[in-house]
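# Coordinate analysis (summary)
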Number of protein chains: 2
Amino acid sequence: MEDKILLAHGSGGRLSHELIEKVFVPHFQGLNAGSLKLDDAAVTALPSLKPPISDLRLAFTTDSYVVKPLFFNGGDIGCLAVCGTVNDLSMVGARPLYISCAFVLEEGLPMATLEQVVRSMRRAAAEAGVQIVTGDTKVVEQGGADQLFVNTAGLGVVASGLDISGSNAKPGDKVLLSGYIGDHGIAVLSRREGLEFGTRIASDIAPLNHLVQAMLEASKEIHVLRDPTRGGLATTLNEIARQSQVGVCIYEEAIPVRDEVQAACEMLGYDPLYVANEGKLVAFVAPDDAEVVLRAMRATSSGQEARVIGEAVGERKGKVAMKTRVGGTRVVDMLTGEMLPRIC
Amino acid sequence: MEDKILLAHGSGGRLSHELIEKVFVPHFQGLNAGSLKLDDAAVTALPSLKPPISDLRLAFTTDSYVVKPLFFNGGDIGCLAVCGTVNDLSMVGARPLYISCAFVLEEGLPMATLEQVVRSMRRAAAEAGVQIVTGDTKVVEQGGADQLFVNTAGLGVVASGLDISGSNAKPGDKVLLSGYIGDHGIAVLSRREGLEFGTRIASDIAPLNHLVQAMLEASKEIHVLRDPTRGGLATTLNEIARQSQVGVCIYEEAIPVRDEVQAACEMLGYDPLYVANEGKLVAFVAPDDAEVVLRAMRATSSGQEARVIGEAVGERKGKVAMKTRVGGTRVVDMLTGEMLPRIC
């Protein structure tokens, strides 16, 4: 096989088929119950779901990934692309089932780089328990794209009776956060800029579907789930406040930030509230169920550091306010401008 | 609103939301039965299908589009992205339902260009009868990508009992082609290279789901459907010959090529058999049903020029041979190398 990507790998002809047969099929085949048939679309029956779903609803989502650099401490564009889409499905309460995978490659990309990304996708899919069932590859000339972009779309099923949405927060809901914020953004930025602390901060990339499953088993009163990726925790809370038309009040001292991340943010002039995460979620939960959900979260590997960081209120609808450590209150707005391009 | 795409349009923050609210929602909302909820994934029940489907199977596919230039005679990257994915679903016999839409934009792209693409996607989705239900936007710095790439993934349902696959061709099957070949590739190339005949040749981009529906209503003996896109008719027939382990024999004189396309190919040194199409399909049909399927095809707008171009045979398994106009036979191989990069 060629050791670099050529334009002909995107031609649809002989080299496209070689790429599929030698790189994609060997890595993705084992994930899947059926064999990869190489038709224009994958055809698949739904697995027999337990408990069975009477009012079948599908969840469908997509994200493209353009993170730079492709590899960083704690992850790479491959596991990011699988986990990101698994997590988007999880945030509407869906059980993720199938993932698609579409590459845009720059001519000249080392074949070994593509294979490393594909292996990482495979591992992440296995960890999440999803199947990569269909894909596509395009190649553009040198300079037409920056190395490798990947899109994943995801398909999941939503259990009977579930209704989880950013528009469902209610005054009184407790705001739960599953762990430390800012790790992903700072890990990627450190590697990109060659900063020294880059080796000490690792991205938090993780599939959150198992955590969400544990939460849904613990309570029927989870109103909102969302993962604070681009734009960070601050932007995510603002989105929920707007969609639900509630106020959100958070406590600065309750929000967990690692010392290294805090130090890096101070040095670089960033606010961790706006830095991207890829393995965290916020949940709005009815107050009576907050404790039981928190216990369920802490019993999972992704939720060990879960805590209550605030609550939804009936005032200041659509806005987020933070009680600061020194006792004041400040408005926390949505991200304006762009601090950290190509973070995912 | 800004008149150019900024990095901040991909930040997840304020400008990302403005883009969603002012560009995507207004154009895509009307396509959809429900409202766009702006959650991490779209949640949707399946429409009540007629006839009802007892053994529910889903079809799932994805393609990225990097065509250059973005606009050409007869189409653009937007309608290409919708029709391409609708067609991939149709080629396994699925009824296309939902489409996702993920942009990678280059900083500085005129907002008007994005809006023109979005309008074109909307029109194509309306023509095909599919809903665009979820999306994503990433922005990379100038030089990090070439203007605009878009990925669409698609979801459809496969009717009870249908089994259409490139591996189902049988010796004796007639090979049907829905119309003229080579239009798309030559239309794009002409515009890219500024060739004079560019204004006379239009891309054949079209959603093929209505054509396929008519064919499926006419016969239960359609074994294979495939649209000859990248790699052209020759590559598609080779794929089917390999997957099904049959020989394929086609007749040169039966294959329709417009005079302008033939002339352009001769001038440029291309063979129309390898040039991409975006609104054509080939079908392998049991011989007794070929006539009735052909009649059904000709009654639709996309299939008026449908004809039999060859047959599957038991010899030369995995190979395609063409009886030439002068009475000889030549082997028609899969595309090697890349004639026309970024054609879709």
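Higher on the page you've got the structure.
Residues numbered from 1 in each chain as written. Chains lettered and ligands numbered in written order. Predicted model: local features only at pLDDT ≥ 70, side-chain atom pairs only at ≥ 80, totals over all residues. Heavy atoms only, no water.

## A word on the overall build of chain A
Which entries qualify depends on this criterion: Each helix is a run of H or I in the DSSP string that is no shorter than four residues. Each strand is a run of E no shorter than two, and both are numbered from the N terminus. Radius of gyration here is computed from C-alpha atoms only, and the compact-globule reference equals 2.2 Å multiplied by the residue count raised to the power 0.38. Each residue is placed in one exposure class: buried if its accessible area under a 1.4 Å probe, protein chains only, is under 20% of its type's maximum, exposed if it is over 50%, and partly exposed if it falls in between. The contact criterion used is simple: two residues touch if any of their non-hydrogen atoms lie within 4.5 Å. To be clear on the numbers: accessible area is Shrake-Rupley with a 1.4 Å probe, and residue cover counts the displayed protein chains and nothing else. In this tally, Asp and Glu contribute negative charge and Lys and Arg positive charge; neither His nor the terminal groups of the chain are included. Lys charges are placed at NZ, Arg charges at CZ, Asp charges at CG and Glu charges at CD.
In terms of regular secondary structure, chain A is built from eight helices and 14 strands. Here the C-alpha radius of gyration of chain A, 21 Å, is about what a compact globule of 344 residues would show, namely 20 Å. Considering only C-alpha atoms, chain A reaches an extent of 65 × 55 × 30 Å along its principal axes. Looking at chain A as a whole, 63% of its 344 residues qualify as buried. A fraction of 86% describes how many contacts in chain A between residues 6 or more apart in sequence connect residues 24 or more apart. If you sum the accessible surface of chain A, you get close to 12,300 Å²; carbon and sulfur atoms cover 48% of it. Side chains of chain A give 33 positive and 42 negative charges; the mean places of these two sets differ by 3 Å.

## A word on the pairing of strand β12 (residues 307-313) of chain B
Residue and element names in this part refer to chain B. Our working rule: Strand pairing is assigned whenever DSSP detects at least two bridges linking the two strands.
Where strand β8 (residues 174-177) and β12 come together, four bridges link them in antiparallel fashion. Of the residues in β12, the one forming a bridge with Leu176 is Val308. Relative to β12, strand β10 (residues 247-251) runs antiparallel, the two sharing four bridges. Across the sheet, the residue bridging to Ile250 is Gly310, located in β12.

## Here's the deal with the environment of Glu115 of chain A
Residue and element names in this part refer to chain A. Position of Glu115 among the secondary structure elements: in helix α3 (residues 111-128). Residues Glu115 and Val23, 92 residues apart in the sequence, show an inter-C-alpha distance of 6.7 Å. Excluding residues within four positions of it along the chain, Glu115 makes contact with Val23 and His27.

## Topic: the interface of chain B and chain A
Filter applied, for reference: Here the quantity called buried area is the total loss of accessible area, with a 1.4 Å probe, experienced by two parts when brought into contact, counted for both. By definition here, a salt bridge exists when the distance from a side-chain nitrogen of Lys or Arg to a carboxyl oxygen of Asp or Glu is within 4 Å. Identification of polar contacts relies on pairs of N or O atoms within 3.5 Å, with a donor-acceptor requirement for protein atoms, meaning one able to donate a hydrogen and the other able to accept it, and with residues adjacent in sequence counted only if both atoms are side-chain atoms. Residue type decides the class: Asp, Glu, Lys and Arg count as charged, Ala, Val, Leu, Ile, Met, Phe, Trp, Tyr, Cys and Pro as nonpolar, and the leftover types, Gly among them, as polar.
Counting from both sides, the interface comprises 81 residues of chain B and, opposite them, 81 residues of chain A. Carbon and sulfur atoms make up 56% of the surface buried where chain B meets chain A, a total of about 6,100 Å² over both sides. On inspection of chain B and its partner chain A, the count reaches 12 salt bridges. Across the pair Asp63 of chain B and Lys138 of chain A runs a salt bridge whose closest N-O atoms are separated by 3.6 Å. Across the contact surface, chain B and chain A share 36 residue pairs in polar contact (both at pLDDT 80 or more). Contributions of two or more residues to the side of chain B that touches chain A are made by α1 (14-29), β1 (42-45), β2 (57-65), α2 (77-90), β5 (94-106), β6 (131-140), β7 (148-158) and α6 (232-244) of chain B. The residue inventory of the side of chain B that touches chain A, partitioned by class, reads 34 nonpolar, 25 polar and 22 charged.

## Things to note about the packing of helix α5 (residues 209-218) of chain B against helix α8 (residues 290-298) of chain B
Residues and elements named next belong to chain B. Inclusion rule: Comment: axis = line fitted to C-alpha atoms, over the contacting stretch for helices; angle = value between 0 and 180 degrees taken between N-to-C directions. Comment on the angle field: the value is read as roughly parallel under 35 degrees, roughly antiparallel over 145, roughly perpendicular from 65 to 115, and oblique elsewhere. Working rule for handedness: look at the near helix, and if it is turned counterclockwise from the far one by less than a right angle, call the crossing left-handed; if clockwise, right-handed.
Where α5 contacts α8, the axes come no closer than 9 Å and their chain directions differ by 150°. Classed by the angle they form, the pair α5 and α8 counts as roughly antiparallel. In this structure, the crossing between α5 and α8 has a hand that is right-handed. Of the residues in α8, those in contact with Leu211, Ala214, Met215 and Ala218 of α5 are Val292, Val293, Ala296 and Met297.

## Brief notes about the sheet that holds strand β5 (residues 94-106) of chain A
Here we have five strands laid out as an open sheet, ordered β6(A)-β5(A)-β7(A)-β2(A)-β1(B), and mixed in their pairing. Of all the strands in the sheet, the pair left with one neighbour each is β6 (131-140) of chain A together with β1 of chain B. Sheet twist, expressed as the average angle between the axes of neighbouring strands with direction ignored, equals 20°. Relative to strand β7 (residues 148-158) of chain A, strand β2 (residues 57-65) of chain A is paired through nine bridges, and the arrangement is antiparallel.

Keep in mind these numbers describe shape, not what the thing actually does.
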